[in-house]
Amino acid sequence: MILWTTPGKTGSSSLAAAVAAREVTMITTRVSEIGQYVGEVVRLQGWLFNKRSSKKLQFLQFRDGSGTIQAVVSKADVGNELFAVADALTQESAIRVDGKVVEDPRSPSGYELQATGLELVGPSVDYPISNKAHGDAFLMDHRHLWLRSRRQHTILRVRHTLIKSIRDYFDNAGFVLVDSPLLTPAACEGTTTLFGTEYFGRQAFLSQSGQLYQEAACMAFGKSYCFGPTFRAEKSKTRRHLTEFWMVEPEVAYLDLEGDMDLAEDFLCSIIARALDVHAKEIETVLERDLTALENVRKPFPRISYDNAVEQVKVLHAKAEPELQEQLAIEWGMDFGSPHETELTKQYDRPIMVYNYPSAVKAFYMKKDVLRPEVARCVDILAPEGYGEIIGGGQREDDLDTLEAAIRAHDLPEEAFKWFLDLRRYGSVPHAGFGLGLERTVAWVCGLHHVRETIPFARTMDRLGP
RNA sequence: UCCUCAGUAGCUCAGUUGGCAGAGCGGGUGGCUGUUAACCACUAGGUCGGCGGUUCAAGUCCGUCCUGAGGAGCCA
């Protein structure tokens, strides 16, 4: 058996030579691949996330980013010197462990490593996050370390899978990725607050939506999408809000509202199903999330007109508790607030599509209904369980005169929209699209209380770091 | 901007009617040959968010400010 430890702490040059020889032949692998090496001695490289010990045994809880495994260091097997190395290890020490892979029914993963070698690669002193409970603010202050936890691992892997399945969905459906710019000269919608920045002596803004540029892109490629970060300077301090979040925005030429709803519905079913395929077990065990609500995400979603939704909310308002009743007051023409959306979605077991909102409460580029100009051909998809609006979209105004009038009515700078109006001058066609908020979707899939855990480094009204 | 709640050890929290500042975890020391957020014993660790006030006496009551959390509005 070869023992090796931190350079300088080993005694003999013959041992160093043996170590060098061993390093050439040792198989280095990851925890996720460990099942292929039962009975063999392999090397793992990672970190110690916990340790339990007795006088003659050390149970090293090891993680390498691909999974976790327990390495057992027995004093009788490895000797005093190496055992002392194991004994001195602290939480989150970076280590290399060599050992024989064995199957063990006592192990949650079914495998265990019987250590034969151990090296301290990087020590860790006074690691701030213990294996006990912590508060949200403390954990967010240590986000750069919190990412190492099992829970954050699961959430960010779900995010990764959703991003990949979103891209796959559109790529497979003939869409072209056309990135929208993040630095823009003016507001897209004029309604929300933008982050401003200086741009070589001129005023510029961080984009709050890539949609207007996708309208140009879809006239070039037929079907296009963008997927990137987006910025909102709203002073919102709720668990549904981030100032920097990711949004995917597809746009399709020759598509009307009905086609847009078909697309959004099929898209959402597809990415949720994929997330469940890959992560159902983790979501259920690590995040303790009931999967029923996600398994219900199947076509068709209820399609509810705004008119009908208002009538439903009025009924809910009438029989609501006094406290809620005040918040549920509604008249035709008002936009829905969070309480309206939450109570409405509680009536259904899957996402719902609310369409044809009053044009007065929607953005200037929304297409007005030909027969009822007081409503816009738009749709919001509301997730169940109070997760709120995850998709907003609709058919765009394709008539030049109507759009010009809308820009003036919203008091927007006409010069900045000249290029946008060109799209209506040169071969305008009906077109539609939508935007999906990635973080709200991740929060919904993972059953999280707050969206801040769904992005690696959250930016909120009161937090610009780490 | 408005409403509600919170701030006590490194972390999570308790602290009764205003009467000596506490526990668990984490750290340290010692013990334990199969632990599963291991366990057992001992130990160190405090500007009770800041300032001001009431009182013989304030973590506790009052005022004010700061910070954090949730919600409204707004939004994906």
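Okay, so let's go over this structure.

### Looking at a nonpolar patch on the surface
Together, L183, Y199 and F200 make up an exposed nonpolar region whose accessible area comes to about 360 Å². Mapped onto the elements of the fold, F200 is located in the loop between strand 9 (196-199) and strand 10 (202-206). Look at F200 and you get exposed, because its relative accessible area is 75%.

### Side note on helix 6 (residues 211-221)
Restricting attention to buried positions, one finds in helix 6 the residues Q211, L212, Q214, E215, A217 and C218. Buried positions along helix 6 lie against strand 11 (223-231), strand 12 (244-253), helix 13 (418-425) and strand 17 (431-437). Phi turns positive one or two residues past the end of helix 6, at G222, with a value near 85°.

### Here we look at the protein's contact with RNA strand B
Taken together, 45 residues are adjacent to RNA strand B, and R52, E112, N131, R239 and R440 come closest. Considering the 4 Å shell around the protein, atoms of RNA strand B inside it are sugar or phosphate in 53% of instances. Within the backbone of S53, one N or O atom sits 2.7 Å away from a base nitrogen of RNA strand B. At 3.1 Å, a side-chain N or O of H450 approaches a phosphate oxygen of RNA strand B.

### Topic: the environment of V72
In this fold, V72 is placed in strand 4 (residues 68-74). Ignoring any residue separated from it by four or fewer positions in sequence, one finds V72 in contact with L57, Q58, F59, E112, L113, Q114 and A115.

### Remarks on the packing of aromatic side chains
Counted under the stated rule, the structure contains 18 aromatic pairs. Considering the side-chain rings of F170 and F267, the 4.8 Å spacing of their centres and the 25° angle between planes classify their relative orientation as stacked. Of this pair, F170 sits in helix 5 (residues 150-172) while F267 is found in helix 7 (residues 257-285), placing the two residues 97 residues apart along the sequence. An identical accessibility class is assigned to F170 and F267; each is buried. A centroid spacing of 5.4 Å and a plane angle of 45° characterise the contact between Y306 and Y357, whose relative ring orientation is tilted. Note that Y306 is positioned in helix 9 (residues 306-318) and Y357 in the loop between strand 14 (352-355) and strand 15 (378-383), a separation of 51 residues in sequence. Grouping residues by exposure puts Y306 and Y357 together as buried. Grouped by ring-pair contacts, the aromatic residues Y169, F170, F175, Y225, F267 and F434 constitute a single cluster. The ring centre of F420 lies 4.2 Å from the NZ or CZ of R424, which sits over that ring.

Reading the values: rules and limits
Residues numbered from 1 in each chain as written. Chains lettered and ligands numbered in written order. Predicted model: local features only at pLDDT ≥ 70, side-chain atom pairs only at ≥ 80, totals over all residues. Heavy atoms only, no water. Patch = residues over 30% accessible without salt bridge, like charges linked within 9 Å, V, L, I, M, F, W, Y side chains within 5 Å. Areas by Shrake-Rupley, 256 points an atom, 1.4 Å probe, with all protein chains shown as cover. Salt bridge = Lys/Arg side-chain N within 4 Å of Asp/Glu carboxyl O. Helix = DSSP H or I, 4+ residues; strand = E, 2+ residues; numbered from the N terminus. Buried < 20%, exposed > 50% of the residue type's maximum accessible area, 1.4 Å probe, protein only. Contact = heavy atoms within 4.5 Å. Near = heavy atom within 4 Å. Polar contact = N/O pair within 3.5 Å; in protein donor to acceptor, adjacent residues only side chain to side chain. Phe/Tyr/Trp six-rings, centres within 6.5 Å; stacked < 30°, edge-to-face > 60°. Lys NZ or Arg CZ within 6 Å of the ring centre and 35° of its normal.

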